[in-house]
Amino acid sequence: MAVHAAARGRTPNDVITATGLVKVYRQGTAEVRALDEVSVRVQRARFTAVVGPSGSGKSTLMHCVAGLDTVTSGSVVLDGTEIAGLSDRQLTRVRRERIGFVFQSFNLLPQLTAYENIVLPVTLSGGRPDRELVDHLCEVLGIAHRMTHRPAELSGGQQQRVAVARALVARPAVVFADEPTGNLDSRAGAEVLTMLRRSVDDLGQSVVMVTHDPAAAHYADRVLTLADGRVVKDEHTAPSGRAAALTTDATGRRP
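Values in this document were obtained by computation on a predicted structure and should not be read as measured data.

## Considering the overall build of the protein
Within the protein, the secondary structure is distributed over eight helices and 10 strands. When the 255 residues of the protein are sorted by exposure, 51% land in the buried category. Pairs at least 24 residues apart make up 69% of the contacts formed inside the protein by residues separated by at least 6 positions.

Shown next as structure tokens:
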């Protein structure tokens, strides 16, 4: 029997409320039910990890609640807005103004400097970057001395830290991280996870992370486990990364 992680009714503390999500893919004459009546609520200022085996539906769930993919049926309310029926233009605006993304492949623009990549979401929206916030993020992430470098001149860990700063700089309602440590070694991966943890504890950010790594999930406050397109376990945890997040910076030094 599936575990429904959404309680009755949405509360103001919910940054995401997904109800009865169904996603069906067609492969020839066959249908694959990637999501099967999934209901889940995600609270603000919390770190939620979504785990499960390959094909469980975890990435599909993230893509649907982030507006990167459409649902076959069901409702997704993100930061008070029902996104399931929005046009492509409206979805683009929601993603640009309310969502931050951190991907496994970094997705930095190679012709831009690290600084230009970080402030890109703000400039695309016609705003002016909060230089104090940018400087703070870069200092904490240990990349302040790399702001004039382009992605090709940065290590994988540094590129992902730039991506984390980019996701946070516009103060989005929620940051989605899709296998953010997948292309990193264990040390760089731990640094990125620590920064996501710090963004929750120090900045009040809401983070939803999809991961196949149980160790990465230990940084979260809550772990949702999917199997066969359903939520089968919903656990609230004591994050192992919290103490490290609050007492060290991204280079491993105490602030």
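Read on for the rest.
## Some points on the pattern of salt bridges
Taken as a whole and assessed by the stated rule, the structure comprises 16 salt bridges. Residues Arg 187 and Glu 191 are paired through a salt bridge, measuring 3.7 Å at the closest nitrogen-oxygen approach. In this pair, Arg 187 and Glu 191 are both assigned in helix 6 (residues 186–203), four residues apart and thus about one turn of the helix distant. Its relative accessible area of 60% is what places Arg 187 among the exposed residues. Assessed through its relative accessible area of 12%, Glu 191 is described here as buried. Notably, a salt bridge pairs Asp 234 with Arg 222, separated by 2.9 Å at the nearest N-O pair. On the criterion of sequence distance, the pair formed by Asp 234 in strand 10 (residues 230–236) and Arg 222 in strand 9 (residues 222–227) is long-range, its members being 12 residues apart. Take Asp 234: its relative accessible area is 26%, and that puts it in the partly exposed class. On the basis of relative accessibility, which here comes to 8%, the residue Arg 222 falls in the buried class.

## Notes on the sheet that holds strand 5 (residues 81–82)
One open sheet holds the four strands; their spatial order is 2-1-4-5, and the pairing between them is antiparallel. The outermost strands of the open sheet, each flanked by one partner alone, are strand 2 (30–43) and strand 5. Here five bridges tie strand 1 (residues 14–27) to strand 4 (residues 73–78), and the two strands are oriented antiparallel to one another. Bridge assignment links Val 22 to a residue of strand 4, and that residue is Ser 73. Helix-sheet contacts for helix 1 (residues 58–65) involve strand 1, strand 2 and strand 4, and the interaxial angle to strand 1 is about 120°.

## Topic: the nonpolar core
Ranked by size, the top nonpolar core spans 42 residues in total, and within it Phe 47, Ile 118, Ile 143, Val 162, Val 164 and Met 209 carry the most contacts. Contacts of Met 209, omitting those with residues within four sequence positions, involve Phe 47, Thr 48, Ala 49, Val 50, Ala 177, Pro 180, Leu 193, Ala 216 and Ala 217. Formed by 30 residues, the second largest nonpolar core is a distinct cluster that contains Val 15, Val 38, Val 208 and Val 231.

## Thoughts on helix 6
At 3.6 residues per turn, the α-helix brings residues three or four places apart onto the same side. An ideal rise of 1.5 Å per residue puts 26 Å on 18 residues; helix 6 measures up with 25 Å between its terminal C-alpha atoms. Among the residues of helix 6, those classed as buried are Ala 188, Gly 189, Glu 191, Val 192, Leu 193, Thr 194, Met 195, Leu 196, Arg 197, Arg 198, Ser 199 and Val 200. By the N-cap criterion, in which a side-chain oxygen at the helix start approaches the backbone nitrogen of a residue two or three places on, helix 6 is capped by Asp 185, the distance to Arg 187 being 3.2 Å. Two residues or fewer after helix 6 comes Gly 204, characterised by a positive phi angle close to 70°.

## Observations concerning the confidence of the model for the protein
Counting all residues, the mean pLDDT for the protein is 87, and 89% of those residues have values of 70 or more. A low-confidence stretch, residues 243–255 (pLDDT under 50), is modelled with 27 contacts involving residues beyond four sequence positions or located in other chains.

## Side note on the packing of helix 3 (residues 114–124) against helix 5 (residues 156–168)
Interhelical geometry of helix 3 versus helix 5 gives an angle of 30° and a closest axis separation of 7 Å. What the angle tells us is that helix 3 and helix 5 run roughly parallel. Crossing hand, helix 3 versus helix 5: right-handed. The segment helix 3 lies against helix 5, with Ala 114, Asn 117, Ile 118 and Pro 121 engaging Val 162, Ala 165 and Arg 166.

## Thoughts on the environment of Leu 184
Of note, Leu 184 is situated in the loop between strand 7 (174–178) and helix 6. It is 8.7 Å that separates the C-alpha atoms of Leu 184 and Gln 104, two residues lying 80 residues apart in sequence.

## Quick word on the packing of helix 3 against helix 4 (residues 131–141)
Axes are the key here: two packed helices are described by the angle between their axes and the distance separating the axes. Contact pair helix 3 / helix 4: the axes reach a minimum separation of 12 Å and the direction vectors enclose 125°. Classed by the angle they form, the pair helix 3 and helix 4 counts as oblique. Of the two elements, helix 3 crosses helix 4, and the hand of that crossing is right-handed. The residues of helix 4 that touch helix 3, namely those facing Tyr 115, Ile 118 and Val 119, are Arg 131, Val 134 and Cys 138.

## Regarding helix 4
Along helix 4, the positions that sit buried rather than exposed are Leu 133, Val 134, Leu 137, Cys 138, Val 140 and Leu 141. Projected onto a plane normal to the axis of helix 4, the buried residues spread over an arc of 165° and lie on a single side. Residues of helix 4 that are exposed and angled more than 90 degrees away from the buried face: Glu 132 and Glu 139. Where helix 4 is buried, its residues touch helix 3, helix 5 and helix 6. The opening residue of helix 4, the one whose side-chain oxygen lies 3.1 Å from the backbone nitrogen of Glu 132, is Asp 130.

What counts and what doesn't
Residues numbered from 1 in each chain as written. Predicted model: local features only at pLDDT ≥ 70, side-chain atom pairs only at ≥ 80, totals over all residues. Heavy atoms only, no water. Helix = DSSP H or I, 4+ residues; strand = E, 2+ residues; numbered from the N terminus. Buried < 20%, exposed > 50% of the residue type's maximum accessible area, 1.4 Å probe, protein only. Contact = heavy atoms within 4.5 Å. Salt bridge = Lys/Arg side-chain N within 4 Å of Asp/Glu carboxyl O. Pairing = 2+ DSSP bridges. Axes fitted to C-alpha atoms, helices over the stretch in contact; angles between N-to-C directions. Core = buried A, V, L, I, M, F, W, Y, C linked by side-chain atoms within 4.5 Å. Expected span 1.5 Å × (residues − 1). Polar contact = N/O pair within 3.5 Å; in protein donor to acceptor, adjacent residues only side chain to side chain. pLDDT = per-residue confidence, 0-100. Parallel < 35°, antiparallel > 145°, perpendicular 65-115°, else oblique. Left-handed = near helix turned anticlockwise from the far one by under 90°. Arc of directions from axis to C-beta.

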